[in-house]
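Single-letter residue listing:
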Amino acid sequence: MELDKMDENDWKYHGEGNKSLVVSHVQVILRLLKYPAEDSENPPQTAEQAFRQIQNIVDFSSNVMSSLLGEKFIHSGEVVKLPLEFVRQLSIKVQHQRPAWRCDKVMDIYSGCALCLPNLTSPALHQPTHTPPLCIEIKPKCGFLPSSKHVSKDIKTKVCRFCMHQHYKVANGKWKRRSLYCPLDLFSGSRQRMHFAIRHLIEEPQNNFKIFKGGQCIYSSKEGSDDSLDLNSLLHHLRPYFMYGNNRINSHMMGKAPLNDFIQFLVNALLSGGGGDGGLVMDRRGEGRSFCEASPINKERIRHGSQGLPSDSVLFRILQTQMLDTLDIEGLHPLYRRVEQHLQDFPKERYRLQIDGPYNEAFLEKLQKCPTEDDGSVEYAVAKVHQYRVAMTAKDCSVMVTKERDFQDFLSSRPPAFSYSVSILDLDPKPFDSIPRQLRLDQKIVSCYLRTGGALP
Ligand code: ATP
Ligand code: ZN
Ligand code: MG
Ligand code: MG
């Protein structure tokens, strides 16, 4: 990529989240910051601050999250400085492709800074003669129920955060229908429950599920539209990738079998060590016996008890990192206040305590060497806040599974080894001062759920 010869016509709109907008050009993507639309005339930060913010994302991902989640899953990318004219033209070009509900924010056209990453939906391995790679993005959200003694409402220990949040989102008109996906099923390690969870992601993807083919998004939720998603067109897309063995082709052509094979493929990828390495490591830890009362899964019908997730699986690593939130927001908030008070008294401590970075080995050490008991110190409080922020990032990340289809698929009755790869993306640090907001949101979600008794459709 020659930064001085950037042409907006080479780039196309790829997608966006709440914080950033992504454009792609074959094997790379640029991830640009977004600002609230009200600030569009005057940016909330200088170009240097924007550069710092993106460098912090890179550092957090490569020095902190990658050692917690496993390097093999992570691409941290690098900060690039783009010509301002290119960025302006790009923002005009992509504007009409953006979903209306995301347009409360505008793309940053002032700093010229962006994060450059490999395009995971169009990997380098892809050979043009083959069927394009199929990529599945899952945003799994929080996979455990809090067991902290600081939890004040019993319901939080029975119904998971995602399921409660669904009721809140429907009540507030964010989504028309509730998703029946439950993260506790996905993180259970039970194939049956995982299959069930993925089926519900397909039925109601919201912003938790997307499918890309050859770099193009072919399946996702269209917010605000009531259209049911086109399962037939999805089946049509999936068929060429899931026809193992000649003898099975006929039945696959007819029915929904590719959908089952597709889900099975995803379950395998999520339980594996990540590199299409075939055999599962049976060293399973964890109970895997926790259920969410809001999940429609029928506990009596779970055929096999699960021993939990294999310890080298992507889901295990994500769950372990999420579980660094040991106190729940209710137990964490007083410690946040302790840090905040300390910073008011000693503003210069902000750097030593690494509140806004730098996200280096010392930061990682602070959170890993946290004492188990609260000794009343600010160091303890900071370590717990750091742990909580890391857990928040792990609750918000996405998993990308890429499947390469090759000719062998036709010939053998088993998919070939190394036919897929697994990555984790969206590993931004969550700001220190987002913690009070987290407490308020938690209270709103729980009280909404208690008010409606979880009785919404
Ligand atoms: P969120 O609201 O989930 O926090 P965000 O604003 O932080 O999102 P990302 O999730 O990083 O932004 O990126 C938005 C979308 O762009 C992703 O959901 C994914 O579909 C796509 N994307 C991001 N990084 C890559 C990548 N390296 N390769 C391919 N697609 C990507
Ligand atoms: Zn749930
Ligand atoms: Mg995201
Ligand atoms: Mg994000």
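Reading the values: rules and limits
- Residues numbered from 1 in each chain as written.
- Chains lettered and ligands numbered in written order.
- Predicted model: local features only at pLDDT ≥ 70, side-chain atom pairs only at ≥ 80, totals over all residues.
- Heavy atoms only, no water.
- Helix = DSSP H or I, 4+ residues; strand = E, 2+ residues; numbered from the N terminus.
- Buried < 20%, exposed > 50% of the residue type's maximum accessible area, 1.4 Å probe, protein only.
- Contact = heavy atoms within 4.5 Å.
- Areas by Shrake-Rupley, 256 points an atom, 1.4 Å probe, with all protein chains shown as cover.
- Near = heavy atom within 4 Å.
- Polar contact = N/O pair within 3.5 Å; in protein donor to acceptor, adjacent residues only side chain to side chain.
- Patch = residues over 30% accessible without salt bridge, like charges linked within 9 Å, V, L, I, M, F, W, Y side chains within 5 Å.
- Salt bridge = Lys/Arg side-chain N within 4 Å of Asp/Glu carboxyl O.
- Lys, Arg positive; Asp, Glu negative; His and termini not counted.
- Charge placed at Lys NZ, Arg CZ, Asp CG, Glu CD.
- Pairing = 2+ DSSP bridges.
- Axes fitted to C-alpha atoms, helices over the stretch in contact; angles between N-to-C directions.
- Donors = N, O, S within 2.8 Å, 3.2 Å for Na, K, Ca; no water.
- Core = buried A, V, L, I, M, F, W, Y, C linked by side-chain atoms within 4.5 Å.
- Domains from an automatic or database assignment.
- Parallel < 35°, antiparallel > 145°, perpendicular 65-115°, else oblique.
- Left-handed = near helix turned anticlockwise from the far one by under 90°.
- Phe/Tyr/Trp six-rings, centres within 6.5 Å; stacked < 30°, edge-to-face > 60°.

Draft legend 1. How the structure looks around the overall build of the protein chain. The secondary structure content of the protein chain amounts to 15 helices and 11 strands. In the protein chain, which comprises 457 residues, the proportion classed as buried is 53%. Taking contacts inside the protein chain between residues at least 6 apart in sequence as the whole, the part at least 24 apart equals 73%. Summing over all exposed atoms, the protein chain offers an accessible surface of approximately 21500 Å²; the carbon and sulfur share of this is 51%.

Draft legend 2. Summary view of the site of ligand 1. Close to ligand 1 lie 21 residues, the nearest being N18, K19, S20, E137 and K139. R31 has a polar side-chain atom sitting 2.8 Å from an oxygen atom of ligand 1. Within the contact set of ligand 1, an oxygen atom lies 2.8 Å away from a side-chain nitrogen or oxygen of D426. Compared with its free state, where it exposes 620 Å², ligand 1 has 94% of that area covered by protein.

Draft legend 3. Region of the structure containing a positive patch on the surface. Taken together, the side chains of K19, R437, R440 and K444 make up a positively charged region of the molecular surface. With respect to the helices, strands and loops of the structure, R437 is situated in helix α15 (residues 435–452).

Draft legend 4. Main features of the pattern of salt bridges. Overall, the coordinates contain 22 salt bridges when judged by the stated rule. For R161, the salt bridge goes to D442, with nearest N and O atoms at 3.4 Å. Highlighted residues: R161 in helix α3 (residues 161–171) and D442 in helix α15, separated in sequence by 281 residues.

Draft legend 5. The sheet that holds strand β11 (residues 420–425), seen in detail. With antiparallel pairing, five strands are arranged side by side in an open sheet as β9-β8-β7-β10-β11. The open sheet has two edge strands, β9 (216–219) and β11, and neither has a second partner. For this sheet, the mean inter-axis angle between neighbouring strands, taken without regard to orientation, is 25°. Bridge analysis of strand β10 (residues 398–403) against β11 gives six bridges, and the strand direction is antiparallel. Counterpart to M400 in the pairing with β11 is S423.

Draft legend 6. Inspection of the coordination of the zinc ion (ligand 2) at higher detail. Around the zinc ion (ligand 2), the donor atoms from the protein are C160 (SG), C163 (SG), C182 (SG) and C292 (SG), and they sit 2.3 to 2.4 Å away. Along the chain, the residues donating to the zinc ion (ligand 2) are arranged with the sequence spacing C-x2-C-x18-C-x109-C. You'll find C160 and C163 in the same group, each marked buried.

Draft legend 7. Highlighting the nonpolar core. Core analysis: the largest hydrophobic core is formed by 72 residues, its most contacted members being V64, I136, I202, F209, F262, L270 and V314. Sort the elements by how many residues they give to this core and helix α8 (residues 257–271) lands first, with nine residues. Summarising the domain contributions, this core has at least three residues from each of domain 1 (3–118) and domain 2 (125–457). I355, A383, V385 and I435 belong to the second-largest nonpolar core, a separate cluster that totals 21 residues.

Draft legend 8. Structural detail: the packing of helix α10 (residues 328–345) against helix α13 (residues 378–396). As a packed pair, α10 and α13 sit with axes 9 Å apart at the nearest point and diverge in direction by 125°. Judged by the angle between their axes, α10 and α13 are oblique. Here the hand of the crossing between α10 and α13 comes out left-handed. The residues of α13 that touch α10, namely those facing I329, L332, L335, Y336, R338, V339 and H342, are V378, Y380, A381, V382, K384, V385 and Y388.

Draft legend 9. Inspection of the packing of aromatic side chains at higher detail. Counted under the stated rule, the structure contains 11 aromatic pairs. With a centroid separation of 6.3 Å and 70° between ring planes, the pair formed by F60 and F363 is classed as edge-to-face. A residue pair is termed long-range when its members are at least 10 positions apart, and F60 in helix α1 (residues 47–69) and F363 in helix α12 (residues 361–368) qualify at 303 residues. A ring pair is formed by F209 and Y219, whose centres lie 6.4 Å apart and whose planes are at 80°; its orientation type is edge-to-face. Of the two residues, F209 is situated in strand β8 (residues 209–213) and Y219 in strand β9; the sequence distance between them amounts to 10 residues. Y219 matches F209 in its accessibility class, with the two residues each being buried.

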